[in-house]
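# Structural characterization, general
Read off the chains here:
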Amino acid sequence: LPLLLKATLLHLASGSYRPFYNGFYYNHIMNDNGDGQDKVDYFNGAKLVVETSRDPVYSYNGANVTLPCHYRYEPDMGPKRKIRIKWSKLRDDYTKEQDVMVAIGKTYMAFGDFKGRAHIRRASQHEASLVISDVCLKDDGKYRCEVIDGLEDESDVVDLRLQGIVFPYQPPRGQYRLNFHEAEQVCQDQGAILANFNQLFQAWSEGLDWCNAGWLADGTVQYPIRLPRKPCGGEHLAPGIRSYGPRHRHLHRFDAFCFSSALKGEVFYLDRLAGMTLEEAKQSCQDAGAEVARVGQLYSAWKFLGLDRCSAGWLADGSVRYPIATPRANCGPAEPGVRSFGFPSKGKFGVFCYKER
C-alpha cells in the first residue's frame, strides 16, 4: 500500500496540470510561449474592478440595446496582457448560465440564439459593453459581464427588461387544461412567451387582477390579486401574487400567463356589413397583405399603440375579442382592457389583422 500510494503521488506530481475556470485554460489566458513550461504570475497590487448598470436596462421587441460594462484597475496600472471578456445570461435563481459571447481583443464569438446579434462595444479603453440587435422576447433577464486578466477574474450583473404586457390565456378547451409544456406552446402560438415572475409582478403593480392560476416560465404556478376575495385565496389575505409553488410540468394542469412586447408591425380592423366567418376573415387579411392577428399582438397594440375598437373581431386562435383604451357606454366594463367573447363556434364578426412594417 505505501508503495502504491507513493507511485500515485509521483504520477500526480509529474502529470500535466492545466487549471480550468469559467471555460478557459489559464495557460492560454496567461499567453505563455506554448513551450509547455509553467509560468508564475505574481500579484502586482492592482485590483480589477468590473461595473455594470445598477438600474435595469429597458428595451422592447425588435430594438437594439446596449448592456453597459466597464472595468478598471485600482490603482490604475493598465492591463498587462490581453483581456478576455465573457458575457452570459443567468437564470433568475443564478443556478445556470447560458453562454452569450466571449471576446479577446478584436476577436469574438457569439453562441446560440445570439449568433449574428451580439458584439462587444469598446468606445473607450476599459469598456466591455454588450450590444444586442433585434431584441427578442426571451432576451429578457439578467446578464453577467466577466472580465478575465490572467488569474484575476471579476464580474458584475446587469438586468435587461423588456417593456411588455402580461395576459392570461386559456385554450378553447377551457380552464386548467395546460401542462407546462403546452402552456409554453400556446404562448408561442400567440406571439408571446411564458411570463416570468418579475413580469407578472410588474403587471400586478399596474393593475392586473386575475383569479385563475397560471404557469410561469420557471415552472411555478401563480396568480395576481389586487382585490382580495373569497374564491381567490380568501378575504383575509393582503393583495399580492398568490403562489402554488413549483408544479409537476407534465402532470399538473393550469392556465398560462403570457408575455408580449411592442410590435414591429401594425394591427388593424377589417369588417363587412354582414360580418365574416373565421375562414372568410383569414382570406380578408390575406387580401390586405396581412394575416389574422394573434392574441399577443392585439394586447401589444392595445397597450403600446392605444388601439381602441368597440367592435368584436376574430383572432388567429379562433377567439373573438376587442380592445378598449377609452371605456365608454356599450363597450364593456369601466376599465380599459381587451374584452373577450370566448371561442364562438358560430357567428360572424370582423377581424383584426397584423402586418409587418
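The numbering scheme is per chain: residues are counted from 1 as the chain's sequence reads. Per-residue local features are limited, in this predicted model, to residues with pLDDT of at least 70; the limit for side-chain atom pairs, both in listing and counting, is 80 or more; totals at the level of whole chains, interfaces and linings are taken over all residues. Side-chain descriptors were evaluated using all non-hydrogen atoms of the structure, hydrogens and water having been removed beforehand.

### Focus on the overall build of the chain
Test applied: Each helix is a run of H or I in the DSSP string that is no shorter than four residues. Each strand is a run of E no shorter than two, and both are numbered from the N terminus. The cut-offs for exposure are 20% and 50% of the maximum accessible area for each residue type, with area from a 1.4 Å probe on protein chains only; residues under the lower value are buried, those over the upper are exposed, and the others partly exposed. Note on contacts: a residue pair is in contact if any heavy atoms of the two residues lie within 4.5 Å.
Scanning the chain from terminus to terminus reveals six helices and 25 strands. Residues counted as buried form 45% of the 357 residues belonging to the chain. Partitioning the intrachain contacts of the chain with sequence separation of at least 6 by distance along the chain shows that 60% fall at a separation of at least 24.

### Focus on the confidence of the model for the chain
Counted only if it meets this: One confidence number per residue, pLDDT, is output by the predictor and ranges from 0 to 100.
Of the residues in the chain, 85% reach a pLDDT of 70 or more, and the chain-wide mean stands at 87. In this model residues 1-34 is a low-confidence stretch, pLDDT under 50, and it forms 37 contacts with partners more than four residues away in sequence or in other chains.

### A few points about the packing of aromatic side chains
Put simply, the test is: Ring geometry is summarised as follows: Phe, Tyr and Trp rings, the Trp one being its six-membered ring, pair when their centres sit within 6.5 Å, and such pairs are stacked at plane angles under 30 degrees, edge-to-face over 60 and tilted between the two.
In this structure the tally under the stated criterion is 14 aromatic pairs. Ring centres of Tyr244 and Phe254 lie 5.7 Å apart, and the angle between their planes is 65°; this geometry places the pair in the edge-to-face category. Within this pair, whereas Tyr244 is found in strand β18 (residues 240-246), its partner Phe254 is found in the loop between β18 and β19 (255-261), the two being separated by 10 residues in sequence. Classification of Tyr244 as partly exposed rests on a relative accessible area of 38%. When the centroid spacing of 5.7 Å and the interplanar angle of 75° are considered together, the rings of Tyr322 and Phe341 count as edge-to-face. Here Tyr322, found in strand β23 (residues 320-324), pairs with Phe341, found in the loop between β24 (337-340) and β25 (350-356); they are 19 residues apart in sequence, far enough to count as distant. For Phe341, a relative accessible area of 46% translates into the label partly exposed. An aromatic cluster is built from Tyr176, Phe180, Trp215, Tyr223, Tyr244 and Phe254, whose rings are joined through pairwise contacts.

### Considering helix α4 (residues 197-205)
Using the following cut-off: To be clear, the arc concerns the directions from the helix axis to the C-beta atoms. Polar contact is defined as a pair of N or O atoms within 3.5 Å, subject to the rule that within protein one atom must be able to donate a hydrogen and the other to accept it, and that residues adjacent in sequence are counted only when both atoms are side-chain atoms.
Every buried residue of α4 is listed here: Gln199, Leu200, Ala203 and Trp204. One side of α4 holds all its buried residues, which, seen down the axis, span an arc of 140°. In this structure, the buried side of α4 is in contact with β14 (164-169), β15 (193-194), β17 (220-225), β18 and β19. For α4, the side-chain oxygen to backbone nitrogen distance between the N-cap and Asn198 is 3.1 Å, and the N-cap itself is Asn196. Positive phi appears at Gly207, one or two residues downstream of α4, with a value of about 120°.

### Quick word on the sheet that holds strand β9 (residues 107-110)
Definition in use: When DSSP finds two or more bridges between a pair of strands, those strands are recorded as paired. Here, axes are lines fitted to C-alpha atoms. For helices the fit covers the stretch in contact, and angles between N-to-C directions go from 0 to 180 degrees.
On the basis of which strands lie adjacent, the open sheet formed by six strands has the order β4-β13-β12-β7-β8-β9 and mixed pairing. Strands at the two margins of the open sheet, each flanked by one partner only, are β4 (57-59) and β9. When strand polarity is set aside, the average angle formed by the axes of neighbouring strands in this sheet is 25°. Pairing of strand β7 (residues 84-90) with strand β12 (residues 141-149) involves seven bridges; the strand directions are antiparallel. Note that in β12 the partner of Arg84 across the bridge is Ile148.

### A few points about the nonpolar core
So the rule is basically this: We call a set of buried Ala, Val, Leu, Ile, Met, Phe, Trp, Tyr and Cys residues a nonpolar core when their side-chain atoms join them within 4.5 Å.
Membership of the largest hydrophobic core comes to 86 residues, with the highest contact counts inside it found for Leu67, Trp87, Leu130, Tyr143, Val267 and Phe352. Sort the elements by how many residues they give to this core and helix α6 (residues 295-305) lands first, with five residues. The contact partners of Tyr143, leaving out residues within four places of it in the chain, are Leu67, Trp87, Ser88, Lys89, Val100, Phe114, Leu130, Ile132, Asp156, Val157, Val158 and Leu160.

### Topic: unusual backbone geometry
Going from Glu74 to Pro75, the amide bond is cis rather than trans, its omega being -5°. As for its position among the elements, Pro75 is in the loop between β6 (69-74) and β7. One non-glycine residue, Asn330, lies in the positive phi region at around 70°. Tracing the chain through its elements places Asn330 in the loop between β23 and β24. Since its relative accessible area comes to 79%, Asn330 is described here as exposed.

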